[in-house]
Amino acid sequence: MGNCCATPASSSSPDKKKKKKKAKEENKQQNPFFGDDYVVKNGSGYMEKLVVLKEPTGRDISAHYDLGCELGRGEFGVTYLCTDISNGEKYACKSISKQKLRTAVDVEDVRREVEIMKHLPPHPNIVSLKSTYEDDSAVHIVMELCEGGELFDRIVARGHYTERAAAAVMKTIVEVVQMCHKHGVVHRDLKPENFLFANKKETAPLKSIDFGLSVFFKPGEKFNEIVGSPYYMAPEVLRRNYGPEVDVWSAGVILYILLCGVPPFWAETEQGVAQAIIRSVIDFKRDPWPKVSDNAKDLVKKMLNPDPKLRLTAQQVLEHPWIQNAKKAPNVSLGETVKARLKQFSTMNKLKKRALRVVAEHLSVEEVAGLQEAFDVMDITKRGKINLEELRIGLQKLGHPIADADLQILMDAADADGDGTLNYGEFVAVSVHIKKLGNDEHLHKAFEFFDQNQSGYIEIEELRESLNDEVDTCSEDVINAIMQDVDTDKDGRISYEEFAAMMKAGTDWRIASRQYSRERFNSLSLKLMRDGSLQVRS
């Protein structure tokens, strides 16, 4: 587990000590986040406790802040409403349990997120870091509180949505990208959910809130990890050879969605999405594209150029005529269809997020405790790595058989160093992913959360009530649309089988994409099969 694992202490000659010190300094230069300074060891050299942050503000967060209600939940942490005891000011606090930081990569991600937030200068559209605390059980990151809601929710709440409004939003997003790139940071996870309004005022600034997947970069440096959200990934991410240009691609995807309500590259499975991204064919025929200005379409095409060398930079996007003349962009409504699509996307996302939150709450530490033993069994050659065949056989023995095509995609996604094998940390990532979405027991727990009267079905009133806290303006037509989409046998209620199918589906966009007929989708699928399907490999 890299530098998180301690080695037994031993006596050393002066020469050995010098070499050891030199090696330690070289290691710190190569990776500033992993150094012996961050780990406390006992006399035997074994790690007593994990120290994640280099220079936290303090140790006891409760001496300075009161943690209140839960605001959100991710893979590692829970975000709470946080009140400064001294003055009553409200903040958001992301608390990350150290029990969830199971690998050196997990630890590095948290350290890097904090370092990046410290590194970036103050900016009106980037959430500010207030303070950090670390105790024996958790890391606490106190940040500016954004109470104005998600980007799409604000858009659909307005009575009139126009190209001019989309231009103003895009200008803000690209200014954030430009700021990141100027200071040597590539964001890697730009998506609408990562932008919140500071407050509920009409003039509230839009803020970028999450740097959990961001990394520092040097000019010309390339990365090979497949990270981010499938719909917003640039083709070079899937090819495992990318730089900061990926952020402009992701912003281009957001712009396309802002203008028409659905993503440019979609499919019913993640593999299908990947193939669509690789092909990079943009559809400007669907409504409302015929009435969108040529300048807007020109910018979309240039931001979604599949060749990163030819793609616009953030600076060039900001210099584009459509952005430069944002206040003069057409103020004609893009139509109710676009608003309806955005609203359906936003609400369906919240339904799945609410369900996944229930799943996450039931994925206990004990459930992953046996993973080291499982890894050791699969690692037949005892080299600390397992290949695709060992993973396939091992998962079959564990009762988690996966189709070879899906297993290859999973392997490619988890194999961060691109060597064709999985180390223990990469194996844990695969296993937790499988457990979260493949364990019927967890999905039953989530289903029971919605099925409040224990009838064995989620009825429309239960669906409405469960989403009441998630959506301020959840209209009846959106609830009906979700019910209609998930309720495949059309009996007016959602069975467990229908719920599980929704949770395991590769897309949240099925509703919004209804205009693509099943016949067209099926013919496309058949064509892909005849073509042999593009393989997304390094």
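Residues numbered from 1 in each chain as written. Predicted model: local features only at pLDDT ≥ 70, side-chain atom pairs only at ≥ 80, totals over all residues. Heavy atoms only, no water.

1. Here we look at empty space enclosed by the protein
Next up, step 1: Counting across every chain of the model gives 3 cavities of 30 Å³ or more.
Next up, step 2: In this structure, the largest cavity spans a volume of roughly 90 Å³.
Next up, step 3: Around the largest cavity sit 13 residues that line it, and Arg 188, Val 227, Tyr 232, Met 233 and Ser 250 are the ones nearest its centre.
Next up, step 4: Residues that form the lining of the largest cavity fall into these classes: 8 nonpolar, 3 polar and 2 charged. (1 Å grid on protein atoms, 1.4 Å probe; cavity = no way out; pocket = protein on both sides within 12 Å on 5 of 7 lines; lining within 4 Å. Points joined across faces, edges and corners; volume = space filled by probe spheres on them. Nonpolar A, V, L, I, M, F, W, Y, C, P; charged D, E, K, R; others polar.)

2. Concerning the nonpolar core
Next up, step 1: Counting residues in hydrophobic clusters, the biggest one holds 86 residues, and the most contacted among them are Met 170, Ile 173, Leu 259, Met 303 and Trp 322.
Next up, step 2: A domain-level breakdown of this core finds at least three residues from each of domain 1 (65-144) and domain 2 (149-331).
Next up, step 3: When near neighbours in sequence (up to four residues on either side) are disregarded, Met 303 contacts Met 170, Val 174, Val 248, Trp 249, Ala 251, Gly 252, Leu 255, Arg 311 and Val 317.
Next up, step 4: Within the second largest apolar cluster, 15 residues are counted, among which are Ile 458, Leu 463, Met 483 and Val 486. (Core = buried A, V, L, I, M, F, W, Y, C linked by side-chain atoms within 4.5 Å. Buried < 20%, exposed > 50% of the residue type's maximum accessible area, 1.4 Å probe, protein only. Domains from an automatic or database assignment. Contact = heavy atoms within 4.5 Å.)

3. What about the pairing of strand E6 (residues 129-134)?
Next up, step 1: By the bridge criterion, 5 bridges tie E6 to strand E7 (residues 138-144) in an arrangement that is antiparallel. Within E7, the residue paired with Tyr 133 across the bridge is His 140.
Next up, step 2: With antiparallel pairing between neighbouring strands as the criterion, E6 and E7 make up a hairpin whose turn holds 3 residues. (Pairing = 2+ DSSP bridges. Helix = DSSP H or I, 4+ residues; strand = E, 2+ residues; numbered from the N terminus.)

4. What about unusual backbone geometry?
Trans peptide bonds make up most of the peptide bonds, and negative phi angles are found at most residues other than glycine.
Next up, step 1: The backbone phi angle of Arg 188 is positive, close to 75°, even though this residue is not glycine.
Next up, step 2: Along the chain, Arg 188 turns up in the loop between strand E8 (185-186) and strand E9 (195-197).
Next up, step 3: Of the residues examined, Arg 188 reaches a relative accessible area of 7% and is grouped as buried.

5. Some details on the environment of Gln 315
Next up, step 1: With respect to the element layout, Gln 315 can be found in helix H9 (residues 314-319).
Next up, step 2: The exposure class of Gln 315 is partly exposed, given its relative accessible area of 36%.
Next up, step 3: For the pair formed by Gln 315 and Val 177, sequence separation is 138 residues and the distance between their alpha carbons is 9.2 Å.

6. Digging into the UniProt feature "binding site: ATP" (unreviewed entry) in the chain
Next up, step 1: In the UniProt entry, the feature "binding site: ATP" (unreviewed entry) is given for Lys 94.
Next up, step 2: Relative to the helices and strands, Lys 94 resides in strand E5 (residues 90-97).
Next up, step 3: Judged by relative accessible area, Lys 94 falls into the buried class, the value being 16%.
Next up, step 4: Apart from the residues lying within four places of it in its own chain, the contact partners of Lys 94 are Val 78, Thr 79, Glu 113, Val 139, His 140, Ile 141, Met 143 and Asp 210.
Next up, step 5: At 2.8 Å, the side chain of Lys 94 and the side chain of Glu 113 are in polar contact. (UniProt positions renumbered as here; feature names shortened; annotations may be inferred. Polar contact = N/O pair within 3.5 Å; in protein donor to acceptor, adjacent residues only side chain to side chain.)

7. Side note on helix H2 (residues 104-119)
Next up, step 1: For H2, spanning 16 residues, the distance from its first C-alpha to its last is 22 Å, which sits close to the expected 22 Å at 1.5 Å a residue.
Next up, step 2: Counting buried positions along H2 yields 12 of 16 residues, so the element is predominantly enclosed.
Next up, step 3: Turning to H2, its buried residues are Ala 104, Asp 106, Val 107, Glu 108, Asp 109, Val 110, Arg 111, Arg 112, Glu 113, Val 114, Ile 116 and Met 117. (Expected span 1.5 Å × (residues − 1).)

8. Quick word on the sheet that holds strand E3 (residues 65-73)
Next up, step 1: Ordered in space as E3-E4-E5-E7-E6, the 5 strands form an open sheet in which the pairing is antiparallel. The two strands at the open ends of the sheet, each matched to only one other strand, are E3 and E6. In this sheet, adjacent strand axes meet at a mean angle of 25° when their direction is disregarded.
Next up, step 2: Relative to E6, H2 is tilted by about 150°, and along the sheet it contacts E5, E6 and E7. (Axes fitted to C-alpha atoms, helices over the stretch in contact; angles between N-to-C directions.)

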